[in-house]
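Chain and residue survey
Here is what each chain is made of, one letter per residue.
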Amino acid sequence: MALNQTPAAERIHIGFFGRRNAGKSSLMNAVTGQELAVVSEVKGTTTDPVFKTMELLPLGPVMMIDTPGIDDEGELGRLRVKKSHQVLNKTDIAVLVVDGTVGETKEDKEMLALFQEKRVPYLVVYHKADLLPVSGDTEESVRDRKERAGGKEKIAQALPGSTSPVLYVSSKTGFGIEKLKNCLAAIKPAEEEKDLLEGLVAPGDLVVLVTPIDKAAPRGRLILPQQQTIRALLDHGCISVVVRETELSQLLAGLEKKPALVITDSQAFDMVSGIVPEEIPLTSFSILFARYKGNLGQALAGVKALEKLQDGDRILISEGCTHHRQCNDIGTVKLPGWIRSYTGKELEFVFTSGTGFLEDLKPFQVIVHCGGCMLNEREMKYRLACARDQQVNMTNYGMVIAQIHGILKRSLTPFPDMAALLED
C-alpha cells in the first residue's frame, strides 16, 4: 500500500445488501460513478463480497462492499448468504437495496432486524425508480404507479425500524443517486479522534523502530503498522530512526541522544530486549496496535491463560489479513512452536485468516490474534465481543511473544496503567 493512501482499516465501510437482482451491483456502480461490480440480469452474479477502496464525496475515503443476494438458494447459496452476514461485522453503514417493483420481502425484513441487532446505521433504498414513480407526485403519476405496480400503493412507507425515510433511486437514470450519497454522509458514524502514540511521545523525541526484513516482506515496502507508526511520529514532530535488528547495537552506540521509545516487530522481541538498555521504554507494534484498537486490557488478561493450558487443549491463531505463507511463518510456524516449548504441552492449533472468523469459539482455550492492522474498528470489536460473550480468553501476538520470552512487564512500561495490572 502506498504511503499516500488511507489504510483500508481507517476507511468508512459501506455495505450494499439485498435480494438477488435487486440491483445492488448496478446501484453501487452508480453511486461511485465507476464499473466496480459486475452487473447481469442473471440471478446470483455476485457470488463473493467485492471490496473496493475509493474516495467518495461528500464522505471521503471509503471501502465499498457489494454482497451476494440474501435470498440465495441451495447449499452454495447458504454459504453466500453467510458471507453477506459476515460482511456486516465490518460494515459502518449498511444500505438495504429493495427491488422497488416488488416491495419489501421476508428476507429484507430479516436483514433489517440484523442491522438493528448489530447496531449498524442503515438506509433503505427502493431501487428501479424508473419503473415505479415515487409517491408524492401528481395524481396522474400515483394512478400510473398503482397500475404499473399492481396496486402496491403502500410502497412508499418506510420499512419497520428504518432510521430514515425510504429513498427512491434509479441506477439507470441517475434519479436519487446524489440524495443517496448525501444521506450516507449524514448518517456517517462520528469519528473518534484516535492517536496511535497518545501519551507516549513529545515533539522532538527520538524514537527507534526495529523492523526485521523477512522473506514475507514485499520488496521495496514496509508493512502497514510500520507505515502508520512513522506517519504518527511525523504528526507528533518526533525524530524516527528505522533499523533492522541486526544493526540496532551499532545504531544505539552511535546515538548522542537517548531514544524516548523503541518499538520493535514482535518476532525480534527477545533479541531487541537484550540490546536495548532497561532504562529505555520498549514495546512492540502489535502491543501498540492492541491499545489503538482498544483491546490491550483484554489481551493482557488473555495471555495469562497460557499458564493454565493442558495436553489436548485447542488454540485458535487468527490473522486479519491473508498473505503467502513462508516456511517459517509467524502465525502458523513460529507461534505454535514457541507456545508448545513454553508450556511443555501437546496442543492442537487451528488457523484462520482474512475475513474468516469462527462463530463457535467455545472449543478453544485461547485465541491468539494478530495486531489487526487490516481490520477496521467495528470488525475488531466484533471479534473481541465474540470471545468475551463465549468466555474464551483472547490475546495477541505481541503479548504472547513477550510473555514467552519473559519480557511482558518490560513491554508494558510505556503503558503504566497496564503494567500495574500485572501486579494484581
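The structure contained in this document is the topic of the report that follows. (Residues numbered from 1 in each chain as written. Predicted model: local features only at pLDDT ≥ 70, side-chain atom pairs only at ≥ 80, totals over all residues. Heavy atoms only, no water.)

Looking now at the overall build of the chain. What the chain contains, in helices and strands, is 15 helices and 14 strands. Put simply, the chain has 424 residues, and 51% of those count as buried. The long-range fraction of contacts in the chain, counting pairs at least 24 apart against all pairs at least 6 apart in sequence, stands at 74%. On the chain, roughly 19,900 Å² of surface is accessible, and the fraction owed to carbon and sulfur atoms is 50%. (Helix = DSSP H or I, 4+ residues; strand = E, 2+ residues; numbered from the N terminus. Buried < 20%, exposed > 50% of the residue type's maximum accessible area, 1.4 Å probe, protein only. Contact = heavy atoms within 4.5 Å. Areas by Shrake-Rupley, 256 points an atom, 1.4 Å probe, with all protein chains shown as cover.)

What follows is about the nonpolar core. The biggest cluster of nonpolar side chains holds 60 residues, and the ones touching the most others in it are Leu197, Leu248, Ile315, Ile339 and Val368. Ignoring any residue separated from it by four or fewer positions in sequence, one finds Ile315 in contact with Leu309, Ile339, Leu347, Glu348, Phe349, Val350, Phe364, Val366 and Val368. (Core = buried A, V, L, I, M, F, W, Y, C linked by side-chain atoms within 4.5 Å.)

On to unusual backbone geometry, then. Cis peptide bonds are those with omega within 30 degrees of zero, and the linkage from Leu57 to Pro58 qualifies with 5°. Note that Pro58 resides in the loop between strand 2 (50-56) and strand 3 (60-66). The phi dihedral of Asn21 is positive, around 65°, even though this residue is not glycine. In this fold, Asn21 is placed in the loop between strand 1 (12-18) and helix 1 (24-32). Of note in the backbone geometry, Lys128 takes a positive phi value of approximately 70° without being a glycine. Structurally, Lys128 can be placed in the loop between strand 5 (122-127) and helix 4 (139-148).

This brings us to helix 11 (residues 330-343). For helix 11, the complete set of buried residues consists of Ile330, Gly331, Leu335, Pro336, Ile339 and Thr343. Elements that come into contact with the buried residues of helix 11 comprise strand 11 (314-318), strand 12 (348-352), strand 13 (366-369) and helix 13 (397-404). The N-terminus of helix 11 is capped by Asp329, whose side-chain oxygen sits 3.2 Å from the backbone nitrogen of Gly331. Where helix 11 terminates, the next one or two residues include Gly344, which has phi positive at roughly 70°. (Polar contact = N/O pair within 3.5 Å; in protein donor to acceptor, adjacent residues only side chain to side chain.)

This next bit is on the sheet that holds strand 4 (residues 93-99). Spatial ordering of the open sheet is given by 2-3-1-4-5-6, a layout of 6 strands whose pairing is mixed. A single partner strand is all that each edge strand has here, and the edge strands are strand 2 and strand 6 (167-168). As paired elements, strand 1 and strand 4 share 5 bridges and run parallel to each other. Of the residues in strand 4, the one forming a bridge with Ile14 is Ile93. Running over the sheet, helix 1 touches strand 1, strand 2, strand 3, strand 4 and strand 5 and is turned about 165° from strand 3. (Pairing = 2+ DSSP bridges. Axes fitted to C-alpha atoms, helices over the stretch in contact; angles between N-to-C directions.)

It is worth spelling out the pairing of strand 7 (residues 206-210) at this point. Across the 5 residues of strand 7, 5 count as buried, placing the element largely inside the fold. Taken together, the 5 bridges between strand 7 and strand 8 (residues 239-243) define a ladder with parallel strand orientation. Counted as the bridge partner of Leu209 is Val242 from strand 8. Two strands pair when backbone bridges link them, and strand 7 and strand 9 (residues 261-264) are joined in this way by 4 bridges, in the parallel orientation. Along strand 9, the bridge assignment pairs Val208 with Val262.

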